[in-house]
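Examining the three-dimensional arrangement
Take a look at the letters that make up each chain.
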Amino acid sequence: MTYEAEEKYMASNVSLRQHQSVSLSYGLAVLNQGDRLVPWAFERRELRSDDIAVKIQFCGVCHSDLHAIRGSSGSFPLVPGHEFVGEVTAIGAEVTKFRVGDAVAVGNIVDSCGKCPPCLNHEESYCREFPTTTYGGVDRIDRSITRGGYSNDYVVKTDFAYHLPAGLDPASVAPLMCAGITTWSPLRHWNIGTGKTIGIVGIGGLGHIAIKFAHALGAYVVVFTTSEQKLADALALGADEAILSTDADKMAAQKYRFDFILDTVSARHSLDPYLLALTLDGTFCCLGIPDRMDFTPVLLTMGRRRLTSSGSGGTVETQEMLDFCSKHNITADVEIIAAADINDGFERLDRAKVHYRLVIDMATLEAPAKNAA
Ligand code: NAP
Ligand code: ZN
């Protein structure tokens, strides 16, 4: 979209909302696939009886946001952001779970059908009708497009909002709502704990929290990284060993060692060294979702190994994860950035140069000047 087209789009958006005498929301949006993020005003849906309105304070920057703004499948304009914390500013008529002023956290799904077997089992992230995602999703009632947490506010159904755990730093809790639950869920599903040797591949947003979880759960934790300068950090985060994955000799020495390997790498890469590292009946769980997977199938045959994936987590599991974090004092290691620095932040994320999760301070977000009147 050209600057002129952008101006027209924003002007029409504003006049629509002014006609309705309701104030606009605003945030950081990608207007077209692959663009940089720009300030953008937009409409949020009205508060319903089982909703809360949230003033967003901190929103984490997930690599999925970067995939989304570059990908062709998104709905543009796109406001990313699916791990945020904030304060309740309004409650719907039937809400009892929250009060105005409560501190809350919201993650990467905001609704689901509520009727299918996974939903009834509180595994809403596997809803058979597909859950409503926090951004780029379609609201199940009014069909509006969901706009994410790189913004000043959000309206969410209470079932998908959580009380901020007491005693934890809010900015460092925000990433738990995606990076946290996405790594917690497979670690729990595959019963990772004492007596298990597990590998974690990639020390980024997901990977660094996975190290903390796996260590706290009692597993023997070996971390694989492509970044030599992160080796010492891995041990400080709780790993028992850290291995440079570009060292072919060290990788060859890992054969048949691991019960479980959790891969958090954001880019396509060869899985073969990791499949070889699994023991009999070992499981390789790939959390990144590359367009194609690069592996040699016979390596699954040898050792009856399993290749799988996992997607986020359900509401009960998310609460369980937050309770665990509260008990074990686990949060993300964050770098807080101003809203204006988001494009530089994405460039650093792309180069794996973040330690270890960027979080946007939403107090630095300004309403677009053109929409101020
Ligand atoms: P991130 O912070 O960018 O971390 C990814 C890490 O992968 C990097 O820090 C780097 O670690 C490693 N890496 C990057 N490029 C690599 C390459 N070419 N070869 C080998 N290693 C490489 O990303 P994130 O936010 O943790 O997300 C990780 C992936 O999970 C993304 O693809 C994201 O979309 C996906 N994700 C999936 C779900 C789900 O539901 N399954 C949910 C959230 C995110 P080292 O420097 O240590 O090598
Ligand atoms: Zn995410």
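Presented here is a report on the structure given in the accompanying data block. (Residues numbered from 1 in each chain as written. Chains lettered and ligands numbered in written order. Predicted model: local features only at pLDDT ≥ 70, side-chain atom pairs only at ≥ 80, totals over all residues. Heavy atoms only, no water.)

This part covers the coordination of the zinc ion (ligand 2). Summarising the metal site, the zinc ion (ligand 2) is bound by the protein donors Cys62 (SG), His82 (NE2) and Cys178 (SG), whose distances to it range over 2.0 to 2.2 Å. Mapped onto the sequence, the donors of the zinc ion (ligand 2) take the spacing C-x19-H-x95-C. Of the two residues, Cys62 sits in the loop between strand 3 (51-60) and helix 2 (63-70) while Cys178 sits in the loop between helix 4 (170-173) and helix 5 (179-189), which places them 116 residues apart along the sequence. A relative accessible area of 4% means that Cys178 is categorised as buried. (Donors = N, O, S within 2.8 Å, 3.2 Å for Na, K, Ca; no water. Helix = DSSP H or I, 4+ residues; strand = E, 2+ residues; numbered from the N terminus. Buried < 20%, exposed > 50% of the residue type's maximum accessible area, 1.4 Å probe, protein only.)

Turning to the environment of Ala339, a few remarks are in order. Mapping Ala339 onto the fold places it in the loop between strand 16 (334-338) and helix 12 (342-350). Remark: the alpha-carbon pair of Ala339 and Glu366, spanning 27 residues in sequence, is separated by 8.3 Å.

Scanning the entire structure with this criterion turns up ten aromatic pairs. Look at Trp184 and Phe324: their rings are 4.6 Å apart centre to centre, the planes differ by 45°, and that puts the pair in the tilted class. With Trp184 in helix 5 and Phe324 in helix 11 (residues 315-328), the pair connects residues that are 140 residues apart, well separated along the chain. A single burial state applies to Trp184 and to Phe324, both of which are buried. Three or more aromatic residues link up through ring pairs in this structure, and these residues are Phe224, Phe258, Tyr274 and Phe284. The residue whose ring lies beneath Lys97 is Tyr162, and the NZ or CZ to ring-centre distance is 5.6 Å. (Phe/Tyr/Trp six-rings, centres within 6.5 Å; stacked < 30°, edge-to-face > 60°. Lys NZ or Arg CZ within 6 Å of the ring centre and 35° of its normal.)

Geometry only, nothing functional implied.
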